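Structure assessment
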Amino acid sequence: MTFGIGTLLIGLALLVVVVALVMMPLLGPKTPPAQPASRRDALEAERAAIVRSIRDLDFDYRTHKVNEADYQALRLGLVQRGTDILRELDALEEAAPASAQEAAQDRDDDAALDAEIEAAVARLRQSAFSVAAPRAGMVCPACGSPVLPTDRFCAKCGYALRPQT
Ligand SMILES: [Zn+2]
């Protein structure tokens with residue numbers, strides 16, 4: 001019985017360490033420690049982290065460190081999260097537009113990142129039909145809703161999950 005509790009505590013301690021390690025790169029030196037980061041800043045940081053993760057994952061896949069099934073599943077999750085963040089950023093932008101100065105500063109980075117995520121989504125959509133979509137436990141590449149391997153269209157957004165034959 002004590003073995004179970006000890007294992008649980010070790011697991012929790014490891015989780016804390018992992019979360020701390022994951023969060024550290026997001027808290028760059030540019031972030032003032034006294035000010036809590038705004039939601040927008042947090043999203044921007046997460047988007048950058050996701051772009052890096054996708055890049056790393058692609059590299060691991062090319063170097064055969066990750067198998068096809070894991071690669072497709074992980075990539076789909078990352079791209080879906082990336083599109084969620086873009087959507088939330090767009091919503092924030094509509095609700096409270098950034099100052100013109102701030103927007104001008106960010107524009108170059110934003111354009112590059114947006115293009116990269118969009119390219120990643122496009123690549124995924126191309127490969128999803130042949131590899132990822134027909135498998136169980138997959139989600140719609142357009143909206144992220146769970147879809148069945150037999151579905152031809154996403155029940156939520158109507159996205160064509162399989163090419164018409
Ligand atoms: Zn959908």
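Numbers given for residues are sequential positions, taken from 1 along each chain in its written order. Local features are withheld for residues below a pLDDT of 70 in this predicted model, meaning they are given only at 70 or higher, and side-chain atom pairs are given and counted only at 80 or more; totals for whole chains, interfaces and linings count all residues. Hydrogens and water molecules were not included; the side-chain quantities draw on all heavy atoms of the structure.

1. Section: the coordination of the zinc ion
Only N, O and S atoms count as donors, using a 2.8 Å cut-off from the metal and 3.2 Å for Na, K and Ca, and because water is excluded some sites may appear unfinished. Within the protein, the atoms that donate to the zinc ion are Cys-140 (SG), Cys-143 (SG), Cys-154 (SG) and Cys-157 (SG), at distances of 2.3 Å. Key to geometry: four donors with every angle between 85 and 135 degrees are tetrahedral; four donors are square planar and six octahedral where opposite donors lie over 155 degrees apart and all remaining angles lie between 65 and 115; all other sites are irregular. Considering all 4 donor atoms around the zinc ion, the spread of angles at the metal, 105 to 113 degrees, places the coordination shape in the tetrahedral class. Donor residues binding the zinc ion come from one chain and are separated in sequence as C-x2-C-x10-C-x2-C.

2. Overview of the packing of helix H2 (residues 39–62) against helix H3 (residues 68–95)
How two helices pack is summed up by the angle between their axes together with the distance between the axes. Put simply, H2 and H3 touch, their axes get as near as 9 Å, and they point 160 degrees apart. Taken together, the axis directions place H2 and H3 in an arrangement best described as roughly antiparallel. In the crossing of H2 with H3, the sense of the turn from one axis to the other is left-handed. Within the contact of H2 with H3, the residues separate by chemical class into 13 nonpolar, 2 polar and 11 charged. Note on definitions: angles span 0 to 180 degrees between N-to-C directions of axes, and those axes are lines fitted to C-alpha atoms, for helices only across the stretch in contact. The way it works is that DSSP assigns letters per residue, a run of H or I at least four long becomes a helix, a run of E at least two long becomes a strand, and they are numbered from the N terminus. Note that the term roughly parallel is reserved for angles under 35 degrees, roughly antiparallel for angles over 145, roughly perpendicular for angles of 65 to 115, and oblique for everything else. Crossings are sorted by hand: turned counterclockwise from the far helix by less than a right angle, the near helix makes the crossing left-handed, and turned clockwise it makes it right-handed. Any residue that is not Ala, Val, Leu, Ile, Met, Phe, Trp, Tyr, Cys, Pro, Asp, Glu, Lys or Arg is counted as polar, Gly included; the first ten are nonpolar and the last four charged.

3. A closer look at the packing of aromatic side chains
Aromatic pairs are defined between Phe, Tyr and Trp rings, using the six-membered ring for Trp, whenever the two ring centres lie within 6.5 Å; interplanar angles under 30 degrees are classed as stacked, those over 60 as edge-to-face, and all others as tilted. Scanning the entire structure with this criterion turns up 1 aromatic pair. Centre to centre, the rings of Tyr-61 and Tyr-71 are 3.8 Å apart; their planes meet at 5 degrees, and the pair counts as stacked. With a gap of 10 residues between them, Tyr-61 in helix H2 and Tyr-71 in helix H3 connect regions that are remote in the sequence. Only protein chains enter the accessibility calculation, which uses a 1.4 Å probe; a residue is then buried when its area is under 20% of its type maximum, exposed when over 50%, and partly exposed in between. A relative accessible area of 27% places Tyr-61 in the partly exposed class. Assessed through its relative accessible area of 10%, Tyr-71 is described here as buried.

4. Here's the deal with the environment of Ala-42
Tracing the chain through its elements places Ala-42 in helix H2. Exposure remark for Ala-42: the relative accessible area of 32% places this residue in the partly exposed category. Remark: the alpha-carbon pair of Ala-42 and Ile-85, spanning 43 residues in sequence, is separated by 9.9 Å.

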